[in-house]
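What the coordinates show
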Amino acid sequence: MPAYCLWIGLIHTFLYSDNNLTDASGLKADQLPNLHTLELRGNRLTSTASIQLPSLKKLYLAANAVEKLEGLEQLTNLNTLHLRDNRVRELDGFSESMTALQYLNIRSNRVADLREIDKLKPLPLLRALVLEGNPVFENGDYRIEVLIAVRRLERLDKDEFTDEERGEAEELFEQRKPQDEEQNLSPTDAEEEVAEDGDV
């Protein structure tokens with residue numbers, strides 16, 4: 001095996017910012033088995049699909065043109081994902097397989113619907129989230145609604161949740177639980193409930 005191949009395999013951190021990169025598929029997992037930090041800020045990536053490096057722990061993609069979050073389920077060791085200043089509207093792509101993700105920065109993107117936050121529920125270790133600068137940030141109940149959706153969060157936009165916020169979120173969560181359960185009933189379940197209610 002050529003000496004340069006052995007050297008590449010030892011790389012832990014790869015910095016490639018501000019290079020007009022549109023695709024990261026040239027970074028091969030079998031050639032970079034020890035890569036844990038990838039810095040690709042200021043490029044022209046429109047999707048995360050080409051980043052297929054399961055060993056990654058930290059991924060920095062700020063100031064690209066990312067619109068779609070794809071292929072993230074492969075990043076099972078990722079604990080930090082930085083997506084500031086992109087074009088993300090929908091928070092698809094997050095998976096239960098991402099069992100290590102603790103910090104997610106989506107500041108200054110285009111997330112406008114609070115319901116998108118529900119898509120972060122599968123992340124078991126998510127503790128810190130940055131959403132400031134998105135349209136959703138203008139919602140008056142923004143912090144409480146985010147905490148209701150992702151109850152394990154400790155910090156939002158760098159600020160820890162207060163006991164008062166946690167209490168209000170918990171109360172609203174319990175109030176909405178019957179309504180949410182009703183909405184989640186399948187048509188068959190709903191028909192059976194109606195039938196049971198009609199029995200005397």
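Residues numbered from 1 in each chain as written. Predicted model: local features only at pLDDT ≥ 70, side-chain atom pairs only at ≥ 80, totals over all residues. Heavy atoms only, no water.

So, the pattern of salt bridges
Using the following cut-off: Just to be clear on terms, a salt bridge is a Lys or Arg side-chain nitrogen sitting within 4 Å of an Asp or Glu carboxyl oxygen. Counting from the N terminus, the helices are DSSP H or I runs at least four residues long and the strands are E runs at least two residues long. Using a 1.4 Å probe on the protein chains alone, a residue whose accessible area is under 20% of its type maximum counts as buried, one over 50% counts as exposed, and one in between counts as partly exposed.
Across all of its chains, the model carries twelve salt bridges by this definition. Across the pair aspartate 85 and arginine 84 runs a salt bridge, and its minimum N-O distance is 3.5 Å. For arginine 151, the salt bridge identified is with glutamate 170, shortest N-O distance 2.5 Å. With arginine 151 in the loop between α2 (142-149) and β7 (155-156) and glutamate 170 in helix α3 (residues 163-183), this residue pair connects regions lying 19 residues apart in the sequence. With relative accessibility at 39%, the residue arginine 151 sits in the partly exposed group. The class for glutamate 170 is partly exposed, based on a relative accessible area of 33%. Through salt bridges with shared partners, a single network forms among Asp92, Glu116 and Lys119.

Points about the nonpolar core
Stated formally: For our purposes a nonpolar core is just a set of buried Ala, Val, Leu, Ile, Met, Phe, Trp, Tyr and Cys residues, chained together by side-chain atoms within 4.5 Å. The contact rule is simple, with two residues in contact once any of their heavy atoms fall within 4.5 Å.
By size, the foremost hydrophobic cluster in this structure holds 47 residues, and its most contacted members are Phe94 and Leu120. Element by element, the count of residues in this core is highest for α2, at six residues. Non-local contacts of phenylalanine 94, meaning those with residues more than four positions away in its chain, are made with Leu69, Leu72, Leu81, Leu101, Leu104, Lys119, Leu120 and Leu123.

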